[in-house]
Protein chains: 2
Amino acid sequence: MMFSLILPSSSKTMSLSGTPNYSSTVGGRRADFSTIASGFPVKVHVQTLLRKTSSSLQSPANSMKHEMDITSAPERKLVKQFMRASNTHSFVADSTPAVNGKYQKLTEDWESKKLDLITGGRLLQDGLVYRQNISVRSFEIGGDRKMSFGALLNHLQDTALNQSRITGLIADGFGSTREMSRNNLIWVVSTLHIVVDRYPTWTDVVEVDTWMYASGKNGLGRDWIFRDSKTGETLATATSVYVMMNKKTRRLSKFAKEMRDEIEPYLMDCECPIINKDSRKILKLDVSTADKICTGLSPGWNDMDINQHVSNVKYIDWILESVPRSFMERYYLNAMTLEYKKECDMDSVLQSLSKMVGGGNSDSFNANKVMEYDHMLRLENGREILRGRTVWKLKDTNSCVNNYIY
Amino acid sequence: MMFSLILPSSSKTMSLSGTPNYSSTVGGRRADFSTIASGFPVKVHVQTLLRKTSSSLQSPANSMKHEMDITSAPERKLVKQFMRASNTHSFVADSTPAVNGKYQKLTEDWESKKLDLITGGRLLQDGLVYRQNISVRSFEIGGDRKMSFGALLNHLQDTALNQSRITGLIADGFGSTREMSRNNLIWVVSTLHIVVDRYPTWTDVVEVDTWMYASGKNGLGRDWIFRDSKTGETLATATSVYVMMNKKTRRLSKFAKEMRDEIEPYLMDCECPIINKDSRKILKLDVSTADKICTGLSPGWNDMDINQHVSNVKYIDWILESVPRSFMERYYLNAMTLEYKKECDMDSVLQSLSKMVGGGNSDSFNANKVMEYDHMLRLENGREILRGRTVWKLKDTNSCVNNYIY
């Protein structure tokens, strides 16, 4: 079967039946991906592209044969320039031998970095997408043998860092580039939205894809798709926005030109995020109407990350502290939206507040199939740390090994 | 280079330069391992054997070529009988073709189970040792980029379960065999002793070996060695004793004959544990002399395991809650000995008590190079849950990326 895709900007025609061909630029910021199927070019969204390249359509091995791997900013820029200089459909066929030779050299130089021997992860789609298989470990599951929400979040962070590491973009700490390090800047999570359709279970192997894109003036967007590695079924999707913080002043920073130039070649040129963000505004939770307030929450001795603040994953534990366990026995966590307002450190003492919205209150929830909570974490002095929303779905009790934790 | 080993009971001569040869039984319970180097047989301890088979001497691929993989109790017993029936040094050379044929069939049948595709782990030494590489993930490190003690404990549990899974010994839950499941029995940790010489850092790859052996009348022993996969340097060693508990009555159970028969073929026939246990008795901590008491500790929504009690790893967090952070900034956790007395469940509320022994008290610790704490976890009604001892060593501050958490 012939199956071809044309990628934007650093554009390339991938073909499962022949040598890759490189096209001219076909679009601006928009995801002007085109497929040529049976000779008819059709515009498709990036979501389609990602679906098409899943294991159900081409094996990782096949996919890798047709991927270009350019892993540093200058080389990426150079190749993008070659792409743009070529106004013909097929770069290989129509450009000069000199340009072909230079491109060949670049790809050979960086070929060795395509596969990450530490994690088994690899770069796809011109190096813009990172893919890694993860197996669900015994320490990542809850009482029902299913991967915990916290473990899933751990892998969001880990695969993001692995992509930065394998591409060579990372210079220091948790994903800081060279320019960022020079300017004492670190990444912090601003917003995070996760939807889990089905939690994988112990020993399941999950295929994770992740990629970055520009998000507004000062943000870096990143999306993830978690799939069942056997069936290709989507298990979870996530989208996040990171911003820069000065690690000395602990104040947010602008996304300055030198950093943007450094990161731009690694960004997917798409109309992202591809997953549906929960766009409803999360209002600040009114303390007087909260269903439950947990007080005296403080980070454990091992909850700090190398950015010298509490790991954003720890916040999940605190949020869920305020959801009644009787509720968790009947409902599973389907989605979570978080807006991080302020970091907290080792000495912080927090309160976790929650309020059931649209379905009774936490003491008298009914049997609605979908329920929602609003959440707030705040310091004891009242300063807001995070606001969030969780969506819960009624469990199919027949499908649970046991019904102990969601 | 010629390098040969004779294994006990289900004994086999491994040779890197030819076909494996099988010897007769060479010992009882004791670790009568012999090496034949340069033609001279020399008795060695199991520790030497394990060191000899590290990657520095033979690659995993080479090692696997010469390993026999028998993965169910009946087949293991049968092969052991063949071994015992042969009174000559070389089983292959001297036994009948019929016996050779049967052995050949057995190994072929189970060959496919040798490599665990989920974790990349594999069986070595007649299937009695399980080896797995683990890479240190970003979510397993503390503020100093080093693997946390808790993460290390997670991998003790995980590799133990992986061995049981790959051999087919596991039938249900966290390592229960068929007979255990039939009798509603689960494994619980009775004692655990860990020594960490050096904590691996983020992206390091660690090679873990683990194996089981009989321990007293009612216990199952298990040891682990964590090595730097590049250099073979030992990073950590651990030894543990598991006992059986009835999951309905929650009372400990005897190691009955039907379970012993089922598990025996998977046990290393050795003078274990190979690592030096801290044999000093841990006295019950006198509450009136404790340096610090942390109260109101309760399991989080996700700290339960599939045995429907608090994961033993969670106890580590509670123990370390009572160690002053100012102390942790100067000392790193070198060793921990735990004696689990009673399980606790989701509704338990605990106290963590600690007392510095032999080096001042927690408010005025001196600059001794090695310091020790005694610990106790107890329910609020005073019932003892766990007693423990931790050994701490003065940090080499020069070698730390930062000095935030041990």
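Residues numbered from 1 in each chain as written. Chains lettered and ligands numbered in written order. Predicted model: local features only at pLDDT ≥ 70, side-chain atom pairs only at ≥ 80, totals over all residues. Heavy atoms only, no water.

- Chain A is annotated in an unreviewed UniProt entry as Acyl-[acyl-carrier-protein] hydrolase of Populus trichocarpa.
- Recorded under Subcellular location (unreviewed entry), the UniProt text for chain A is reproduced unchanged: "Plastid, Chloroplast".
- For chain A, the Function (unreviewed entry) comment in UniProt is given as "Plays an essential role in chain termination during de novo fatty acid synthesis." (UniProt positions renumbered as here; feature names shortened; annotations may be inferred.)

Looking at the overall build of chain A
Now for step 1: Per the secondary structure count, chain A includes 10 helices and 16 strands.
Now for step 2: Counting all 406 residues of chain A, 59% fall into the buried class.
Now for step 3: Taking contacts inside chain A between residues at least 6 apart in sequence as the whole, the part at least 24 apart equals 69%.
Now for step 4: In the structure as shown, chain A presents an accessible area of about 16200 Å², 50% of it carried by carbon and sulfur atoms. (Helix = DSSP H or I, 4+ residues; strand = E, 2+ residues; numbered from the N terminus. Buried < 20%, exposed > 50% of the residue type's maximum accessible area, 1.4 Å probe, protein only. Contact = heavy atoms within 4.5 Å. Areas by Shrake-Rupley, 256 points an atom, 1.4 Å probe, with all protein chains shown as cover.)

Let's talk about helix α6 (residues 149-167) of chain B
Residues that lie three or four places apart on an α-helix share one face, since the helix turns once every 3.6 residues.
Now for step 1: Taking 1.5 Å per residue, 19 residues should reach 27 Å; α6(B) reaches 28 Å between its end C-alpha atoms and fits that length.
Now for step 2: Trailing α6(B) by a residue or two, Gly168(B) shows a phi angle of about 85°, which is positive. (Expected span 1.5 Å × (residues − 1).)

Considering the interface of chain A and chain B
Now for step 1: Facing 45 residues of chain A, the contacting portion of chain B comprises 46 residues.
Now for step 2: When chain A packs against chain B, close to 4200 Å² is buried across both sides, 59% of that on carbon and sulfur atoms.
Now for step 3: The tally of links from chain A across to chain B stands at 2 salt bridges.
Now for step 4: The closest approach of N and O atoms between Arg137(A) and Asp158(B), which form a salt bridge, is 3.7 Å.
Now for step 5: Between chain A and chain B we count 8 residue pairs in polar contact (both at pLDDT 80 or more) in total.
Now for step 6: Elements that contribute at least two residues to the side of chain A that touches chain B include exactly β6 (129-135), α6 (149-167), α9 (314-321) and α10 (325-328) of chain A.
Now for step 7: Ranked by residue count, the leading element in the side of chain A that touches chain B is α6(A), at 7 residues. (Buried area = accessible area lost by both parts, 1.4 Å probe. Salt bridge = Lys/Arg side-chain N within 4 Å of Asp/Glu carboxyl O. Polar contact = N/O pair within 3.5 Å; in protein donor to acceptor, adjacent residues only side chain to side chain.)

Topic: the relation of the copies chain A and chain B
Now for step 1: Its rotation angle being 180°, the transformation that places chain A on chain B also includes 0.0 Å of axial translation and leaves an RMSD of 0.0 Å. What the superposition gives is, in effect, a two-fold axis relating one chain to the other.
Now for step 2: Residue by residue, 100% of the interface of chain A is reproduced at the interface of chain B, so both copies engage with the same surface. (Least-squares fit on C-alpha atoms with pLDDT ≥ 70 in both.)

A short note on the environment of Trp187(B)
Residues and elements named next belong to chain B.
Now for step 1: Looking at the element boundaries, Trp187 is found in strand β7 (residues 185-196).
Now for step 2: Residue classification places Trp187 among the buried positions, given a relative accessible area of 10%.
Now for step 3: Sequence spacing of Trp187 and Asn246 is 59 residues, and the spatial spacing of their C-alpha atoms is 8.9 Å.
Now for step 4: Every residue in contact with Trp187, bar those within four places of it in the chain, is listed here: Phe174, Gly175, Ser176, Met180, Leu220, Tyr242, Val243, Met244, Phe255, Ile263 and Asn307.
Now for step 5: Here the side chain of Trp187 touches Gly175 through a polar contact of 3.1 Å, landing on its backbone oxygen.

What to know about the pattern of salt bridges
Residues and elements named next belong to chain B.
Now for step 1: Under the criterion given, the structure shown has 34 salt bridges over all chains.
Now for step 2: Arg131 is paired through a salt bridge with Glu207; the nearest N and O atoms lie 3.8 Å apart. Placement of the pair is Arg131 in strand β6 (residues 129-135) and Glu207 in strand β8 (residues 205-215), with a sequence separation of 76 residues. With respect to class, Arg131 is no different from Glu207; both count as buried.
Now for step 3: With its nearest N and O atoms 3.6 Å apart, the salt bridge here joins Arg227 to Glu207.

Focus on the packing of aromatic side chains
Now for step 1: Counted by the stated rule, this structure contains 18 aromatic pairs over all chains.
Now for step 2: When the centroid spacing of 5.4 Å and the interplanar angle of 45° are considered together, the rings of Tyr315(A) and Tyr340(A) count as tilted. Of this pair, Tyr315(A) sits in helix α9 while Tyr340(A) sits in strand β13 (residues 331-340), placing them 25 residues apart in sequence. Summarising the burial analysis for this pair, Tyr315(A) and Tyr340(A) share the class buried.
Now for step 3: In this structure an aromatic cluster arises from ring pairing among Phe327(A), Tyr331(A), Tyr373(A) and Trp392(A).
Now for step 4: The side chain of Arg260(B) reaches across the aromatic face of Phe255(B), ending 4.3 Å from its centre. (Phe/Tyr/Trp six-rings, centres within 6.5 Å; stacked < 30°, edge-to-face > 60°. Lys NZ or Arg CZ within 6 Å of the ring centre and 35° of its normal.)

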